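Examination of the molecular architecture
Given next are the chains, with one letter for each unit.
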Amino acid sequence: MIKSALQIARADYQPKLPKSLKGNVTIEQGEATQSVADQEEIKKLFPNTYGMPVLKFVESDEKTDFPAVNVGVILSGGQAPGGHNVISGLFDGLKKMNDDSKLYGFILGPAGLINHEYKELTADIVEEYRNTGGFDIIGSGRTKLETTEDFEKGYEILKELGISALVMIGGDDSNTNACVLAEYFAQKEYGIQVIGCPKTIDGDLKNEWIETSFGFDTACKVYSEVIGNIQRDCNSARKYWHFIKLMGRSASHIALECALQVQPNVCLVSEEVAEKELSLDDVVEQIASIVAQRGAEGNNFGTVLIPEGIIEFIPAMKRLIAELNDFLAENAEEFSHIKASHQRDYIISKLTAENAKTYASLPETVARQLSLDRDPHGNVQVSQIETEKLLSEMVGNKLAEWKKEGKYVGNFSPLHHFFGYEGRCAAPSNFDADYCYSLGYNAAALIESGKTGYMSSIRNTTAPADQWIAGGVPITMMMNMERRHGEMKPVIQKALVELDGAPFKEFAANRDQWAKETCYVYPGPIQYFGPSEVCDQPTRTLSLEQKNK
Ligand code: FBP
């Protein structure tokens, strides 16, 4: 296989590890824990894995002999830069403890476990993928492990391969699955541990113990590079307004982080839209006012960052989507027989009056996108909704009205972009390469310590890597009850942007100036070689959050 010069050089990069994981380790146990909400229900659903203590690994002089173990690994959900380093860290951690240990990868996500599709990840295979982006070493998928039958099918292959621990690398939904599986195996006394690793570019799997999910750092740097380039183009030609939708599902962490890196003219934050109960028209008016204000000064150009999930946060849309979710879950069979050309009218006839009105007011494409299949976890596929076009069209209409009324004097020429997939498989930044390798290595230590139902946790991540704190957090601690597919289910609570958090406050303090003036920053491409202040910077989000602790 032909490799680029960067791929060849990057293969030799040795990711950094926390000092505590470099030699022999011992565990310090914290207090018993509680779930973030709905304690009684979660406790009842997870009797074997609820309330376990938070763990911290510390260096030890004691050398322990570990038996060889067979371990399985699954990459689950959307790709995120660094997944291959979690696997190489896990592989090296297992081999360091006992060279006879083996690692098996299940193919194309959780489906590989159910369908018994796997491959042994040998040293040669792992070598090929060190410090590379992508999940192609074994592939990924979104199948949800849900039924007892799925768990039993999984158990069959784990038993056959002599696997005593499974590592699930995934986001909030996949780690919820990991927790359910850990509980099931514990309850059945099958002797199989399950450990989770926090993955997702969305940055919404974080809490006091999980400072960030891997992939967020690299993906935001890739998007910020390209937005910076667009801004320079925009400031050179001075004739376009760029409407840029950014991936990230529900939370606006990616849009906010990119805004902090590039200083655009507008960045919408879905959580603020929900908090202020803004209507779609309010959002449109806000953008149009900035376009008009800049136009009055002869600046008929600018950038607008839009989080992909914004539509779900506009209260009227949120109510509509909630009803649609339940309706489509309950009437899936009947709906599948309705001709595409009749689906809109069919839905309108079934919804309550208020939601039917909102649905009817949407452009055809957006209405259709909202009625598309949910993903296996019940999420609306927001990355397929063209919000950037919806908003620019509505802004254009508003400006045309204002022009007639003599309130707007500029020209409005919009262009559209969606950045998402281009950032998910980039070669991991130094931060993600080190963080991921440490998460995997740490997962091996959790396995060797006999733990199950834990998520691999690496903290103190704005300090140099050797001062990072390694340990484990019970996954049940992150859970609450939520409505999914029309039923209440235990799930990991998503971390949305906090409006009283340091990253949002920093943005809010500067946005008026960024709107009016042209204060663009051009971050440039990720650097893998060079001075540490260029190559090892964490995200602005992480720096601001950790500074305030
Ligand atoms: P995860 O939560 O699985 O990490 O998903 C990340 C993500 O990139 C979202 O930002 C996006 O909405 C979604 O995946 C797109 O899904 P798909 O890869 O199935 O098109």
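In short, a report on the structure. (Residues numbered from 1 in each chain as written. Predicted model: local features only at pLDDT ≥ 70, side-chain atom pairs only at ≥ 80, totals over all residues. Heavy atoms only, no water.)

Digging into helix α16 (residues 353–361)
Within the span of α16, buried status applies to N355, A356, T358 and Y359. Angular distribution of buried residues about the axis of α16 spans 165°; they occupy a single face of the element. Away from the buried face of α16 by more than 90 degrees, exposed residues A353, K357 and S361 are located. Where α16 is buried, its residues meet α13 (315–330), α15 (340–350) and α17 (364–370). (Buried < 20%, exposed > 50% of the residue type's maximum accessible area, 1.4 Å probe, protein only. Helix = DSSP H or I, 4+ residues; strand = E, 2+ residues; numbered from the N terminus. Arc of directions from axis to C-beta. Contact = heavy atoms within 4.5 Å.)

Description of the sheet that holds strand β10 (residues 302–307)
In spatial order, the strands read β9-β10-β8-β11; together these 4 strands make up an open sheet with parallel pairing. Looking at which strands have only one partner, the edges of the open sheet turn out to be β9 (266–267) and β11 (414–419). Pairing analysis gives 6 bridges linking strand β8 (residues 241–246) to β10, with the strands arranged parallel. Bridge pairing links W241 to G302 in β10. In this fold helix α12 (residues 280–296) packs onto β8, β9 and β10, with an angle of close to 150° to the strand it touches most, β8. (Pairing = 2+ DSSP bridges. Axes fitted to C-alpha atoms, helices over the stretch in contact; angles between N-to-C directions.)

As for the site of the ligand
Around the ligand there are 14 residues in total, and G78, R142, D202, E308 and Y421 lie nearest to it. Between an oxygen atom of the ligand and a side-chain N or O atom of D202, the distance comes to 2.6 Å. Taking R249, its side chain carries an N or O atom lying 3.4 Å from an oxygen atom of the ligand. Looking at the shell around the ligand residue by residue, the classes come out as 3 nonpolar, 5 polar and 6 charged. (Near = heavy atom within 4 Å. Polar contact = N/O pair within 3.5 Å; in protein donor to acceptor, adjacent residues only side chain to side chain. Nonpolar A, V, L, I, M, F, W, Y, C, P; charged D, E, K, R; others polar.)

Looking at the sheet that holds strand β3 (residues 70–75)
Each strand in a sheet pairs with another by means of backbone hydrogen bonds, the pair being arranged parallel or else antiparallel. Strand order in this open sheet of 9 strands is β1-β2-β13-β12-β7-β6-β3-β4-β5, and the pairing throughout is mixed. Of all strands in the sheet, those with a lone pairing partner are β1 (24–32) and β5 (118–120), marking the two edges. Pairs of neighbouring strands in the sheet enclose a mean axial angle of 25°, with direction left out of account. Two strands pair when backbone bridges link them, and strand β12 (residues 454–459) and strand β13 (residues 469–474) are joined in this way by 6 bridges, in the antiparallel orientation.

With respect to the packing of aromatic side chains
Per the stated rule, a full pass over the model turns up 18 aromatic pairs. With 6.2 Å between their ring centres and 85° between their planes, F418 and Y421 make a pair best called edge-to-face. Residues Y435 and W468 carry aromatic rings whose centres are separated by 6.2 Å and whose planes lie at 80° to one another, so their mutual orientation is edge-to-face. You can see Y435 sitting in helix α20 (residues 430–448) and its partner W468 sitting in the loop between β12 and β13, a full 33 residues away along the chain. Judged on exposure class, the residue Y435 and its partner W468 are both buried. In textbook terms, an aromatic cluster arises when at least three aromatic residues are bridged by ring pairs, as seen for F151, Y155, Y184, F185 and Y190. Sitting over the face of the ring of Y13, R10 holds its NZ or CZ atom 4.2 Å from the ring centroid. (Phe/Tyr/Trp six-rings, centres within 6.5 Å; stacked < 30°, edge-to-face > 60°. Lys NZ or Arg CZ within 6 Å of the ring centre and 35° of its normal.)

Quick word on the side chain of T461
With respect to the helices and strands, T461 occurs in the loop between β12 and β13. On the basis of relative accessible area, T461 is assigned to the buried category, the value being 2%.

A few points about the pattern of salt bridges
It is possible for side chains bearing opposite charge to pair when their charged atoms get close. Applying the stated criterion across every chain yields a total of 23 salt bridges. A salt bridge links E405 to K407, with the nearest nitrogen and oxygen atoms 3.1 Å apart. On the accessibility criterion, K407 (55% relative accessible area) is exposed. Of the charged contacts in the structure, one is a salt bridge between E506 and R540, with a shortest N-O distance of 3.5 Å. Here E506, found in helix α21 (residues 502–516), pairs with R540, found in helix α23 (residues 540–547); they are 34 residues apart in sequence, far enough to count as distant. Here E506 falls in the partly exposed class, since its relative accessible area comes to 29%. Salt bridges here are not isolated pairs; linked through shared partners, they connect K16, D434 and D536. (Salt bridge = Lys/Arg side-chain N within 4 Å of Asp/Glu carboxyl O.)

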